[in-house]
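The primary structure of each chain is shown beneath.
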Amino acid sequence: MDYSPVTVDYGDKVTVKPGVRRDMKKFIGWTDGENIYQPGDVVVITASKTFRPVWEFSGPEGRKIFTVTFETNGGTRIASKRVRIFAPMDEPDAPQKDGSTFAGWYEDKALTIPYDFSEIVSRDMILYAKWSVETGVSELLMTGDHIKYLNGYTDGTFKPENNMTRAEVAQMFYNLLLNKDVEGDAHFDDVDDNKWYAKAVITLANLGIIKGVDENRFAPDAPITRAQFTAIAMRFTAVTVEGEISFTDVSASHWAADYIRCAALLGWINGNGDGTFRPDAYIKRCEVAKIVNKMLERSADLDYISAHDDLTFFEDVSEDAWYFGEVEEAVNPHGYTKIDGREY
């Protein structure tokens, strides 16, 4: 149901829209500050009006207290809180964790929904701590300026499910480099000096970020695997990542096992929901956008995006796609403000 404002002429009639549902609240009607209207009522408009929903609380019978549990994700323990029904909750003191900065409480394990402590508590819940780790990425890549680092195609598509070549990945990271003046003697037999990606490949090779497929070849036109991309991403870091996490298809002897472990612990990569990582599968463009946004600590402001049709959009990236925000963040240069770890 669309509840956005509408413009009508003086004397026009409007029909009051259906009620708005809220967890554990009973919808009473719509008010304009003077009267309460029911859905379906017809109102003659003689002045500007704002209709606001009116609710009454309808909590579970017999429940007066709810329990809020805090999962600190490796931080110091925070005691659970018992909160009276329909009362807000005071935010607890921030937990502590060596080498990390507390970045707020979230409603979900994936740490995508920040919790608002001004909201009333209407159920038992678990809140999850988010941590920001100083990875060292900001020493090499642009994390302060949110430039465009991926492009679409001339036909108006982004091709989110397409693979990326090794040359494309090199060029993307080269564009994000803070210092492109790097000396060295890196050389690959299959990277001609006049190729569009030559400078990017040689610069990143001199930095030790990218490697060849053997001693003399880079294979610039070959698609890059998930393991290869993860290894490149982790070489931008300067942090020791403690902890264990494993995937059923990444053995301890896999050449990229430690890169994959560290990237997963940093929250940069995820498995596939079945315990696997598919290290040798080719990475998709949408997956690249998600990982790089994590590396750069960038996140899309979806409210801003939905309100601005002057941004870059693609016909093959729908608003319902899980990667919509990731792609929009990657292809639109913008200013931003960060509050409690969220970008606005």
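Residues numbered from 1 in each chain as written. Predicted model: local features only at pLDDT ≥ 70, side-chain atom pairs only at ≥ 80, totals over all residues. Heavy atoms only, no water.

Caption draft 1: Layout of the pattern of salt bridges. The tally for this structure, following the rule as stated, stands at eight salt bridges. Close ionic contact of E287 with R226 constitutes a salt bridge, the shortest N to O distance being 3.2 Å. Placement of the pair is E287 in helix α5 (residues 285–296) and R226 in helix α3 (residues 226–234), with a sequence separation of 61 residues. There is no split in this pair, since E287 and R226 are both buried. The partner of R261 in a salt bridge is D258, and the shortest N-O contact between them spans 2.9 Å. A residue pair is termed a helical-turn pair when its members lie 3 or 4 positions apart in one helix, as R261 and D258 do in helix α4 (residues 257–265) at three residues. Looking at D258, the relative accessible area reads 46%, which means it is partly exposed. (Salt bridge = Lys/Arg side-chain N within 4 Å of Asp/Glu carboxyl O. Helix = DSSP H or I, 4+ residues; strand = E, 2+ residues; numbered from the N terminus. Buried < 20%, exposed > 50% of the residue type's maximum accessible area, 1.4 Å probe, protein only.)

Caption draft 2: Region of interest: the sheet that holds strand β6 (residues 65–71). Strand order in the open sheet formed by four strands is β7-β6-β9-β8, and the pairing between neighbours is mixed. At either margin of the open sheet sits one strand with a lone partner, and together these are β7 (81–84) and β8 (100–106). Ignoring which end each strand starts from, the neighbouring axes of this sheet average 30 degrees apart. Both β8 and strand β9 (residues 125–133) contribute to a ladder of five bridges, which runs antiparallel. In the sheet register, F102 faces β9, and the bridge partner there is W131. (Pairing = 2+ DSSP bridges. Axes fitted to C-alpha atoms, helices over the stretch in contact; angles between N-to-C directions.)

Caption draft 3: Quick look at the nonpolar core. Formed by 62 residues in total, the largest nonpolar core has its most connected members in F173, F229 and F236. Sorting the residues of this core by element identifies α1 (166–176), α2 (198–206), α3, α4, α5 and α7 (324–331) as the ones contributing at least two each. Membership of the second largest hydrophobic core comes to 15 residues, among which are F66, F70, Y115 and V121. (Core = buried A, V, L, I, M, F, W, Y, C linked by side-chain atoms within 4.5 Å.)

Caption draft 4: Fine view of the environment of F236. Structurally, F236 can be placed in the loop between α3 and α4. Each C-alpha atom, one on F236 and one on I209, is 6.9 Å from the other, the two residues being 27 residues apart in sequence. The contacts of F236, once residues within four sequence positions are left out, are G136, V137, L140, L141, F173, L177, L204, I209 and M295. (Contact = heavy atoms within 4.5 Å.)

Caption draft 5: Main features of unusual backbone geometry. A positive phi is found at N73, a non-glycine position, where the angle reads about 50 degrees. You will see that E297, though not glycine, has its phi angle at about 55 degrees, which is positive. Mapped onto the secondary structure, E297 falls in the loop between α5 and α6 (302–306).

Caption draft 6: Representation of α3 in the model. Taken across its nine residues, α3 has eight buried, putting it largely inside the fold. Packing partners of the buried residues in α3 comprise α1, α4 and α5.

Caption draft 7: Examining the packing of aromatic side chains more closely. Following the criterion strictly, the structure yields twelve aromatic pairs and no others. Ring centres of F102 and W131 lie 5.5 Å apart, and the angle between their planes is 70 degrees; this geometry places the pair in the edge-to-face category. Of this pair, F102 sits in strand β8 while W131 sits in strand β9, placing them 29 residues apart in sequence. Since its relative accessible area comes to 14%, W131 is described here as buried. Through pairs of rings, three or more aromatic residues link up here, namely F70, F102, W105 and W131. When the ring centre of Y174 is taken as reference, the NZ or CZ atom of K180 above it lies at 5.5 Å. Across from the ring centre of F158, 4.1 Å away, lies the NZ or CZ of R285, which sits over that ring. (Phe/Tyr/Trp six-rings, centres within 6.5 Å; stacked < 30°, edge-to-face > 60°. Lys NZ or Arg CZ within 6 Å of the ring centre and 35° of its normal.)

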